[in-house]
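The primary structure of each chain is shown beneath.
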Amino acid sequence: MTDREFTVFLVDDDESVLKAIARLLLVRGYRVQPFASPSEFLANHDASIAGCAILDVAMPDLDGLALQQALGASGSCRPVIFLTGRGDIPTTVRAMRAGAVDFLTKPVSDTDLLMAIERAERRDGETRAAEAGRISFNTRLAMLTPREREVMQHVVAGRLNKQIAGVLGTAEKTVKVHRGRVMAKLGVRSVADLVRLAERSGIAGSET
C-alpha cells in the first residue's frame, strides 16, 4: 500500500539490498523506485517528484559521492541518505558537508533507516515550500511597474517615504501611493514581510 506522496529512490548494485529496503518501505506506505546503477537513476530522475534518495557509496560506474555531486550540479535539492558497508570517517565527513541527511552503515536497523527518511521528508517539504514561495513572490513581483519596483528597493533598504521622495525627486505622497500599491500587489502587510520575501528572492535594497 502506498499512501504517502513521497518517493524513496534506492540506488544500490546489490539486488538483495534493494529488495529488502523496498519491501520495508512499501509496507510503511512509501512509494519506492529502485535502481541498480547511478547511471540508470540519473537517466530517469525527475526532480519534481517529492522524495529522497538512498545511495550506496561503492558502485561500479559512479560512486555515491559523485552521484550526490551530480544531483547538486543538475540543480536538484533531492535529500540524500547514504547507506554503505564501507563507511569511514573521511567519506562520512565529505558526504555530510555536501548536505547528506545521514550516513548509515549496513546492516542498518529499520528504526534508524526510517528515522533518517523522516528527516529527509521534512527537509524535502521545507525546500519545496520555500521554492514555491519564491516562485509565487517573483510572479507577483513581475506585476510591479518600474517606478513601484524602485520604491520597493528603497523600502527594502530601510528608507522612509520622505527619504525616498528626495532620492527619486518626487513628492512624499506620491511615494506613499507607490508604496501602498507595492504592498498590495505583493500581498504583504508589513515592511518586515516585504524584506523577508525580498531576501529569499535575492533582491537587495537600493544603494542610492
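This text follows the structure it describes.
Each value, and the rule that gives it
Residues numbered from 1 in each chain as written. Predicted model: local features only at pLDDT ≥ 70, side-chain atom pairs only at ≥ 80, totals over all residues. Heavy atoms only, no water. Pairing = 2+ DSSP bridges. Helix = DSSP H or I, 4+ residues; strand = E, 2+ residues; numbered from the N terminus. Axes fitted to C-alpha atoms, helices over the stretch in contact; angles between N-to-C directions. Buried < 20%, exposed > 50% of the residue type's maximum accessible area, 1.4 Å probe, protein only. Arc of directions from axis to C-beta. Contact = heavy atoms within 4.5 Å. Polar contact = N/O pair within 3.5 Å; in protein donor to acceptor, adjacent residues only side chain to side chain. Core = buried A, V, L, I, M, F, W, Y, C linked by side-chain atoms within 4.5 Å. Right-handed = clockwise from strand over helix to strand, strands pointing away. 1 Å grid on protein atoms, 1.4 Å probe; cavity = no way out; pocket = protein on both sides within 12 Å on 5 of 7 lines; lining within 4 Å. Points joined across faces, edges and corners; volume = space filled by probe spheres on them. Nonpolar A, V, L, I, M, F, W, Y, C, P; charged D, E, K, R; others polar.

Caption draft 1: Examining the sheet that holds strand 2 (residues 31-35) more closely. The strand order 2-1-3-4-5 describes an open sheet built from 5 strands, whose pairing is parallel. Each end of this open sheet is capped by a strand with a single partner; those strands are strand 2 and strand 5 (102-105). The mean angle between the axes of side-by-side strands here comes to 20°, regardless of whether they run parallel or antiparallel. The pairing of strand 1 (residues 7-11) with strand 3 (residues 51-55) spans 5 bridges and is classified as parallel. Across the sheet, Leu-10 pairs through a bridge with Ile-54, a residue of strand 3.

Caption draft 2: Spatial organisation of helix 3 (residues 64-73). If you check which residues of helix 3 are buried, you get Gly-64, Leu-65, Leu-67, Gln-68 and Leu-71. Viewed along the axis of helix 3, the buried residues span an arc of 160°, placing them on a single side of the element. Seen from the buried face of helix 3, the exposed residues on the opposite side, beyond 90 degrees, are Gln-69 and Ala-73. Here the buried face of helix 3 lies against strand 1, helix 2 (38-44), strand 3, strand 4 (80-84) and helix 4 (89-97). Regarding helix 3, its N-cap is Asp-63, as a side-chain oxygen of that residue lies 3.0 Å from the backbone nitrogen of Leu-65 further along.

Caption draft 3: Up close: the nonpolar core. Counting residues in each nonpolar core, the largest one holds 22 residues, and the members touching the most others are Val-8, Leu-10, Leu-25, Ile-54, Ile-81 and Ile-117. Of all the elements, helix 1 (residues 15-27) adds the most residues to this core, at 6 residues. Those residues in contact with Leu-10 that sit more than four places away from it in its chain are Leu-18, Ile-21, Ala-22, Leu-25, Val-32, Gln-33, Pro-34, Phe-35 and Ile-54. Leu-141, Val-151, Ile-164 and Leu-194 belong to the second largest nonpolar core, which has 19 residues in total.

Caption draft 4: Summary view of the pairing of strand 2. Two strands pair when backbone bridges link them, and strand 1 and strand 2 are joined in this way by 5 bridges, in the parallel orientation. Its bridge partner lying in strand 2, Phe-9 is registered against Gln-33. Where the polypeptide runs from strand 1 across helix 1 and back to strand 2, its parallel neighbour, the crossover connection is right-handed.

Caption draft 5: Local environment of empty space enclosed by the protein. Applying the stated criterion across every chain yields a total of 1 cavity of 30 Å³ or more. Lining the largest cavity, in full, are Leu-10, Val-11, Asp-12, Val-17, Leu-18, Ile-21, Ile-54, Leu-55, Asp-56 and Leu-83. For the lining of the largest cavity, the secondary structure elements donating two or more residues are strand 1, helix 1 and strand 3. Sort the elements by how many residues they give to the lining of the largest cavity and helix 1 lands first, with 3 residues. Here the lining of the largest cavity is built from residues that sort into 8 nonpolar, no polar and 2 charged.

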